[in-house]
Amino acid sequence: MATPAIGVLALQGDVREHVAALTAAGADARPVRRPGELDAVDGLVIPGGESTTISKLVDIFEMREPIDKRIADGMPVYGSCAGMIMLATEVLDGRADQRGFAGIDMTVRRNAFGRQVDSFEAPVEITGVPGDPFYAVFIRAPWVERVGPAVEVIGTVSGGPAVEVIGTVSGGPAAERIVAVRQGNLLATSFHPELTGDLRLHAYFVELARTA
Ligand code: GLN
């Protein structure tokens, strides 16, 4: 397909920014909040926002089963921040009643960096995205504490402005934290590329949806 249709799950969070970034990266991008709208897209972005709220709204809008089914069928999905939490098989520091799609075999800790600071920026190199490191923006972001064998770690933070934060939390300035992963057609980042005007990660996902 020349131009993949990519939906942005439009229940809560920074939907508009993802639609704009995906459009600029060459996709036919649109908000999706109904099962019929999901049927018409080749890929889905789950935006940043609040995973507990998104989890509730997924049930209210009767989107849980349709999304679970599309993920099982191999639809490409990219989750950013709260979207990363929604894709994890296990969530630490979550609310007892929050439920995600369990697509990526990983344990994420919610608000992990945010225990020390609410937001920060750091350079992150992403495997498969050539060029300069990403200028990554983290906002009450999760990190990944465990990945299963099927998961490829494609980005970590370990230096620059994040050192202080990470050192405080883990007890050592050299500590690395996993902030970007891929498992098959599922992609997740702790940070928000839709806020910086750097389209490379959206272009990477558009290409994934085009070729999946
Ligand atoms: N802390 C939020 C959550 O738990 C995620 C923050 C974000 O998406 N910027 O869902």
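If you're wondering where the values come from, they're calculated on a predicted model, not measured in any experiment.

Of all hydrophobic cores here, the largest spans 36 residues; its most connected members are L22, V124, I126, F138 and F191. Secondary-structure elements contributing two or more residues to this core are β1 (5-9), α1 (15-24), β7 (119-124), β8 (134-139), β10 (152-157), β11 (177-183) and α7 (200-211). Those residues in contact with F191, other than ones at most four positions away along the chain, are Y78, S80, C81, V124, I126, F134, A136, V137, F138, V179, A180 and L201. Grouped together as the second largest cluster of nonpolar side chains are 32 residues, V58, I104, M106 and V144 included.

At a minimum axis distance of 9 Å, the contact between α1 and α7 shows a crossing angle of 70 degrees. The angle between α1 and α7 falls in the class roughly perpendicular. Crossing geometry of α1 relative to α7 is assigned as right-handed. Touching H18, A21 and L22 of α1 are H202, F205 and V206, all from α7. Tallied by class, residues from the contact of α1 with α7 come to four nonpolar, two polar and no charged.

What follows deals with the site of the ligand. The ligand sits among G48, G49, E50, S51, C81, A82, I85, R110, N111, I139, R140 and H192. One of the backbone nitrogen or oxygen atoms of G49 is found 2.9 Å away from an oxygen atom of the ligand. Within the backbone of R140, an N or O atom sits 3.0 Å from a nitrogen atom of the ligand. With the chains in place, 96% of the 300 Å² that the ligand exposes on its own is no longer accessible. A per-class count over the shell around the ligand returns four nonpolar, five polar and three charged.

With that out of the way, let us pick up α7. Taking 1.5 Å of rise per residue, the 12 residues of α7 would be expected to cover 16 Å, and the 16 Å separating its terminal C-alpha atoms lies within 8% of that figure. Among the residues of α7, those classed as buried are L201, H202, Y204, F205, V206, L208 and A209.

Another aspect to go through is unusual backbone geometry. At C81, a position not held by glycine, the phi torsion is positive, near 60 degrees. Among the secondary structure elements, C81 is positioned in the loop between β4 (77-80) and α5 (82-87). The phi dihedral of R140 is positive, around 40 degrees, even though this residue is not glycine. In this structure, R140 sits in the loop between β8 and β9 (143-147).

Attention now moves to the packing of aromatic side chains. Tallied over the entire structure, the rule returns four aromatic pairs. For the ring pair F120 and F138, a centre distance of 4.6 Å and an interplane angle of 5 degrees mean the geometry is stacked. Taken as a pair, F120 in strand β7 and F138 in strand β8 lie far apart in primary sequence, 18 residues in all. Across this residue pair, the class does not change: F120 and F138 are buried. Measuring from ring centre to ring centre gives 6.0 Å for F134 and F191, while their planes differ by 40 degrees; the resulting arrangement is tilted. Of this pair, F134 sits in strand β8 while F191 sits in the loop between β12 (186-189) and α7, and the two are 57 residues apart along the sequence. The class of F134 is buried, set by a relative accessible area of 1%. The exposure class assigned to F191 is buried, which follows from its relative accessible area of 0%. Here a set of aromatic residues connected by ring pairs shows up, and it is made of F120, F134, F138 and F191. The ring of W143 carries the charged tip of R177 above its face, separated from the ring centre by 3.8 Å.

Definitions and cut-offs
Residues numbered from 1 in each chain as written. Predicted model: local features only at pLDDT ≥ 70, side-chain atom pairs only at ≥ 80, totals over all residues. Heavy atoms only, no water. Core = buried A, V, L, I, M, F, W, Y, C linked by side-chain atoms within 4.5 Å. Buried < 20%, exposed > 50% of the residue type's maximum accessible area, 1.4 Å probe, protein only. Helix = DSSP H or I, 4+ residues; strand = E, 2+ residues; numbered from the N terminus. Contact = heavy atoms within 4.5 Å. Axes fitted to C-alpha atoms, helices over the stretch in contact; angles between N-to-C directions. Parallel < 35°, antiparallel > 145°, perpendicular 65-115°, else oblique. Left-handed = near helix turned anticlockwise from the far one by under 90°. Nonpolar A, V, L, I, M, F, W, Y, C, P; charged D, E, K, R; others polar. Near = heavy atom within 4 Å. Polar contact = N/O pair within 3.5 Å; in protein donor to acceptor, adjacent residues only side chain to side chain. Areas by Shrake-Rupley, 256 points an atom, 1.4 Å probe, with all protein chains shown as cover. Expected span 1.5 Å × (residues − 1). Phe/Tyr/Trp six-rings, centres within 6.5 Å; stacked < 30°, edge-to-face > 60°. Lys NZ or Arg CZ within 6 Å of the ring centre and 35° of its normal.

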